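Geometric and topological summary
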Amino acid sequence: QVQLVESGGGLVQAGGSLRLSCAASGRTFSSYAMGWFRQAPGKEREFVVSISGSGGTTYYADSVKGRFTISRDNAKNTVYLQMNSLKPEDPAVYYCAARIRGYNPPPPATTNEYNYWGQGTQVTVSS
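Residues numbered from 1 in each chain as written. Predicted model: local features only at pLDDT ≥ 70, side-chain atom pairs only at ≥ 80, totals over all residues. Heavy atoms only, no water.

Describing the sheet that holds strand β1 (residues 4-7)
As a reminder, the rule being used: When DSSP finds two or more bridges between two strands, those strands count as paired. Secondary structure elements follow DSSP: runs of H or I of four or more residues count as helices, runs of E of two or more count as strands, with numbering from the N terminus. Simply put, an axis is a line fit to the C-alpha atoms, just over the touching stretch for a helix, and the angle between two N-to-C directions goes from 0 to 180 degrees.
Taken in spatial order, the four strands make up an open sheet running β1-β3-β8-β7, and their pairing is antiparallel. Edge positions in the open sheet fall to β1 and β7 (68-73), since each of these has one partner strand only. Taken pair by pair, the neighbouring strands of this sheet meet at an average axis angle of 15 degrees, ignoring direction.

As structure tokens, this is what we get:
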């Protein structure tokens, strides 16, 4: 069983920045691929970015490429999402997810490839 707890969401002006964190339980965190997804009201959950267990491989959705950066600290069992240049289309509940089994690169980008999910953190962008 893996528990994921997101934090760092909040209200920010358009063009601003936020950093989300996701703390994970589990003794083999460095073997988990991790992903960030988001879900806006009335929309399906969508992929944002994923990262391999070592942190050496990342995979971004086109909508956030160049603005968002994923990273992880395996010593702290934590994955981060640095969000810069936030836009009015970015507001959503952001979820982190863990995949505990192997996969073919790049790190997974669909919801059904992940085994565990956090409760989500709200990101709101004011114009």
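Still more ground to cover, so stick around.
Remarks on the environment of L11
Using the following cut-off: Here's how the labels work: a residue is buried when its accessible area is under 20% of the maximum for its type, exposed when over 50%, partly exposed in between, all with a 1.4 Å probe on protein chains only. Residue contacts are defined here by distance: any two heavy atoms, one from each residue, within 4.5 Å place the two residues in contact.
Looking at the secondary structure, you find L11 in strand β2 (residues 10-13). Relative accessible area serves as the criterion here: at 64%, L11 is assigned to the exposed category. On a C-alpha basis, the gap between L11 and A92 in space is 11 Å, while along the polypeptide they are 81 residues apart. When residues no more than four places from it in sequence are discounted, the contact partners of L11 are T124 and S126.

Observations concerning the side chain of R99
Definition in use: Positive residues here are Lys and Arg, negative ones are Asp and Glu, while His and the chain termini are left out of the count. Here, a salt bridge means any Lys or Arg side-chain nitrogen found within 4 Å of an Asp or Glu carboxyl oxygen. Two N or O atoms count as a polar contact when they lie within 3.5 Å, although within protein this holds only if one can serve as hydrogen donor and the other as acceptor, and sequence-adjacent residues are included solely when both atoms are side-chain atoms.
Positionally, R99 belongs in strand β9 (residues 92-99). The side chain of R99 is buried and forms no salt bridge, while E113, the nearest opposite charge, is found at 4.7 Å. Among the polar contacts made by the side chain of R99, one reaches the main-chain carbonyl oxygen of G102 at a distance of 2.7 Å. Polar contacts involving the side chain of R99 include one to the main-chain carbonyl oxygen of E113, which spans 2.8 Å. When residues no more than four places from it in sequence are discounted, the contact partners of R99 are S31, Y32, A33, P108, E113, Y114 and N115.

Re the pattern of salt bridges
A complete count under the given rule lists four salt bridges for this structure. With a shortest N-O distance of 2.6 Å, R38 and E46 are connected by a salt bridge. Its relative accessible area of 36% is what places E46 among the partly exposed residues. Note that K65 is salt-bridged to D62, the shortest N-O span being 3.1 Å. Owing to a relative accessible area of 51%, K65 belongs among the exposed residues under this scheme. Members of the salt-bridge network, linked through shared partners, are R38, E46, R67 and D90.

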